[in-house]
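As a plain string of letters, each chain reads:
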2 protein chains.
Amino acid sequence: MTSALFRRLCARFLRPARPREPSPGLRNAFARNTDFGAGNCHCCCASTRAVVPRYGERVKTPPIRVTLVDGHGPGPAVCAAVRAVLKATAAPVEWDRQPVSVHRDPTTGRPIVNAELLESVAETRVILHGPVPDTASDGSQVSTTLTLHKALRASVGVQPFASVDGHRPFGHVRMVNVRDNVSGEYSENEHLVTPGVVQSIKTVTRQHSEAVARFAFEYAVANGHYHVTALHKANVMRMSDGTFLKACRSVSTDYPDVDYREEKLDKFCLRVTNDPCRYDMLLTPSLYGAIASAAVSALVGGPATVPYMAFGSDVAVFGTMYDGPAICRKDVISEPVINPTGIIRSAAWMLGHLEMPDKRLLIETALNETIRQGVKTRDMGGTACCEEYTDAIVHNISRLS
Amino acid sequence: MTSALFRRLCARFLRPARPREPSPGLRNAFARNTDFGAGNCHCCCASTRAVVPRYGERVKTPPIRVTLVDGHGPGPAVCAAVRAVLKATAAPVEWDRQPVSVHRDPTTGRPIVNAELLESVAETRVILHGPVPDTASDGSQVSTTLTLHKALRASVGVQPFASVDGHRPFGHVRMVNVRDNVSGEYSENEHLVTPGVVQSIKTVTRQHSEAVARFAFEYAVANGHYHVTALHKANVMRMSDGTFLKACRSVSTDYPDVDYREEKLDKFCLRVTNDPCRYDMLLTPSLYGAIASAAVSALVGGPATVPYMAFGSDVAVFGTMYDGPAICRKDVISEPVINPTGIIRSAAWMLGHLEMPDKRLLIETALNETIRQGVKTRDMGGTACCEEYTDAIVHNISRLS
C-alpha cells in the first residue's frame, strides 16, 4: 500500500460522517453515564463528538452483511451476547457466520486462514470475531489474529482503553493505541542458520512506518487527542526502531497541534502502571504494540473489556483483545468467567463504522448504565453471569431507545 | 562459553558458601523486619538461608578492590550513599572509582566502553555502578548497560523484585527474573537493505539458551524457587522463540522439583499487574527480560528500589535498574527524587558475593528497619531526602551491629 493511498484511506475512514445524529435525550443519558461526554472525549469509546469511521459505498443499503466468527472458548457465549444486543437496537445487520481455522501452507510452512472465511470477508468487507484459537490445525502455536490481519491486509490496529465508571480497578485510565499490525517482528521471516542457531529478521520500512504514523496523527486530530507517544527500543535496535522513529518524527511535523513524544518500551511498561495519565495516544510497532496493549488493558479491568479494530484498504476487523477466558482477578482464577464487554463495545464501534452513530451511542450508553447499576460479571467484581449481564444491557437499550 | 563450563560456573557462583554465619540476634532482627525470614525465602533479597554467590579465590584477601562507577544524574548521590553504608558496616572494600563513557568504534560503528573502565574491571572483576547515561559520545542513543555487559561478557542477568514491608504500593510482590543479557534482539545485528528498508536480525542459539536456562534452574534450586516461567512470543516468532523454549524444556527435565511453565509475554504483562503472585521466577530472553523487569519493578515501588546483578565467567556486575531519576509517583513527577534503595540492596548482594553474608544481612535488615520506621524517600511516599534516608540506614546499621 503506498503512502498516498493510505493517506486517502485514512481520510476516508476518519472523515466526519454523521448521517443520523443521536437524539438529545440519548446524548444527555450518555453524558450522565460517563465522563466521555461532549467536549471531554479523548477516546473512541466516546461518541457524541467522536468521528465515526465509515466503511464506504457498499454498506449503505440494509441489511448490511457482516462476517461473524464465534471463535473458541468463551467465543460462542460472547458472540451470542453481541447478537442479542444488536437485535435489541434493531440494527439492520445480517450475520454471515463462519468458522475460523489456521493450517500451514504445505510448501512455505506459513500459517493460512480457511478459505471460506476469506471469501465471506471478501464479500462483506466487515468482520467481527470473538476469541480465536492460538493453535494451528497441526497443533503448533500460531497467532490466528495475526494470520487473519495479514490475509486481509488489515495493517493498522486501533485499540481504545477506557475504564468505565463503576469499574476502575486502577483509577481513571483513558488511552488509545494505534499500532502497526503486520511488519517489524511480525514479519515472520525466520531461518535456520545451522542446527541450533536460528535467526528472526525484523523488517522495518520507512514507507509503512510513515503510513501507520499518518493514520495515527489523522486519528489524533479527528478525535481530539492532544499528544502522541511513539514507543521504541532505539537505544538497542538503532537502525530498525530508528527508522520507525524517523518516520514518526517526519509525519509529526505535519501536525503541529499534536504534541509528539517518544518513550522507550520498558520505561513505558514501568511508568504506565503508576501514572497512566501521562499517556494519551500510543503509536507503536507490531510487537511493542501488543505488549503495550496488554499492559494497559490490565489497568482498565482486563482484556475482556477492551475492543479493538484493524483497518486495511478495503476491510475493517472488529474483535476483542482476549484469546481465552477473561481471568484477571485472583479470586476467580479457578473459575473462568465470561465477560462480553469488549466485544459489545467493539460491535458498537462497528455500527459507528457502518454509519449508525445513534446505535453506537445507544449501546455504549446502555453498557455504561448497566455497569453503573452494579450489574457486572465476576471478573469486574460483580456476580452476574454473561447472560444476566447481557439481559441487563438489552433491558437498558429498550429503556433508552 | 560452553554449556559444561557455564554449568560449572553456575555451581561455583551458587554453591552454599558461608564462611561467617550471621549472629542469632541479627538473624532475629531480620526475621522481625521482613517476611523473608528463614523458611519463607523465595527471593535473593532474603538472606538467612539464601545461598550466597561467591566470587572466587582472588577476593579472599582484604581489602577487596571493587570498581565503582558513579554514572550520571542521581548516580553520584546514590553512590555516595552506598559508600557511606558500606563504611558503616566496616566492609573491607576499597573502591576503584572510574568514569564511564560510550563511543562508537570508527570502523564497525558499534558502541564501545572507555578502556580505563575495562582495565579496572579486568583487575577487580567486580563492578558496582549507578545509573549510566543512555547516549554515546556522539549524542546518539545507546544502551550503556548492554555495551558494558557485552564488553565484560556478563551474559546472564539476575533481578530480584521484592516489595518491602512498609512500602507496598501493589501489595506483596516477590519475584526474580533471570534473563539472557546479550543475545536475541540484543545481538545488535542490523543492516540497510535499500534506502528506507532496514532489517534487525535476532539470533538465538540453542547452546546459549540452554546455558541461561541452566543458570536459572540452578539458581531456583539453590534459592528455593518452586516454579519457573519462561516468557516468549513463540506464536509469532516460532523458530527463534521456539528454540529458546526447546532449550528451557530440555533443561527443565533435569530439575524435576522445579515446576516449569511457559507464558506469552503480552499475557504476562497483562496478568502480572492483577495477580503477581502467580509468578515466582521468570526466565527470559534479552528484550523480553527488560520489558518484564520494567513491568514488575513498577509493582514493587519503582525501579529505584530494585537491584540487579549480571554474571559472566569471570566478572560480576552490580547495579540498579533505573537510568535516570527515580520518578514513579504522579505527585513527584515535577521534582526528581533520588532514592538509593536499589543500589544499596545491590551493594548488599555484592557483599554476599564477596563472602560477607553477615554484612549483607546487616545492610538488608537496616534498610528494611528504616523503611518500617517510616523514613522513606519521596517516591516511596515519605519526605526524606537521599542523605536523610542514608543517615537513617547508617544509624540502624550501627544500632544492629
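Please read these numbers as outputs of a predicted model, since none were measured by experiment.

A:Val66, A:Leu86, A:Val93, A:Trp95, A:Leu128, A:Leu283 and A:Met350 are the most contacted members of the largest nonpolar core, which has 64 residues in total. Counting residues domain by domain, this core receives three or more from each of domain 1 (61-159 + 306-400) and domain 2 (170-300) of chain A. In contact with A:Trp95, other than residues within four places in its own chain, are A:Val66, A:Leu68, A:Val82, A:Arg83, A:Leu86, A:Leu128 and A:Met350. With 62 residues, the next largest nonpolar core counts B:Val126, B:Val212, B:Ala213 and B:Phe318 among its residues.

Residue and element names in this part refer to chain B. Residue alternation in strand 12 (residues 281-284) divides its side chains into two sets, Met281 and Leu283 and Leu282 and Thr284, and both sets are buried. As defined by bridge partners, strand 7 (residues 174-180) adjoins strand 12 across four bridges and the pair is classed as parallel. Bridge pairing in strand 12 links Val176 to Met281. Across three bridges, strand 10 (residues 227-232) lies against strand 12 in parallel orientation. The residue of strand 12 that forms the bridge with Val228 is Met281.

Read from one edge of the open sheet, four strands run 8(A)-9(A)-9(B)-8(B), paired in antiparallel fashion. Single-partner strands in this sheet number two, and they are strand 8 (184-194) of chain A together with strand 8 (184-194) of chain B. Taking each pair of neighbouring strands and ignoring which way they run, the sheet shows an average axis angle of 30°. Across six bridges, strand 8 of chain B lies against strand 9 (residues 197-205) of chain B in antiparallel orientation. Residue B:Leu192 lies in a different strand from strand 9 of chain B, and its bridge partner there is B:Val198.

With that settled, the discussion passes to the pairing of strand 11 (residues 259-264) of chain B. All names here are of chain B. Pairing analysis gives six bridges linking strand 10 to strand 11, with the strands arranged parallel. The residue of strand 11 that forms the bridge with His232 is Lys264. The parallel pair strand 10 and strand 11 is bridged by helix 7 (residues 240-252), and the resulting crossover is right-handed.

All right, on to helix 11 (residues 357-372) of chain B then. Residues and elements named next belong to chain B. The end-to-end C-alpha distance of helix 11 is 22 Å, a good match for the 22 Å that 16 residues give at a rise of 1.5 Å each. Burial analysis of helix 11 places 15 of its 16 residues in the buried class, which makes it a mostly covered element. Phi for Gly374, located one or two positions after helix 11, is positive at around 95°.

Parameters at a glance
- Residues numbered from 1 in each chain as written.
- Chains lettered and ligands numbered in written order.
- Predicted model: local features only at pLDDT ≥ 70, side-chain atom pairs only at ≥ 80, totals over all residues.
- Heavy atoms only, no water.
- Core = buried A, V, L, I, M, F, W, Y, C linked by side-chain atoms within 4.5 Å.
- Buried < 20%, exposed > 50% of the residue type's maximum accessible area, 1.4 Å probe, protein only.
- Domains from an automatic or database assignment.
- Contact = heavy atoms within 4.5 Å.
- Helix = DSSP H or I, 4+ residues; strand = E, 2+ residues; numbered from the N terminus.
- Pairing = 2+ DSSP bridges.
- Axes fitted to C-alpha atoms, helices over the stretch in contact; angles between N-to-C directions.
- Right-handed = clockwise from strand over helix to strand, strands pointing away.
- Expected span 1.5 Å × (residues − 1).

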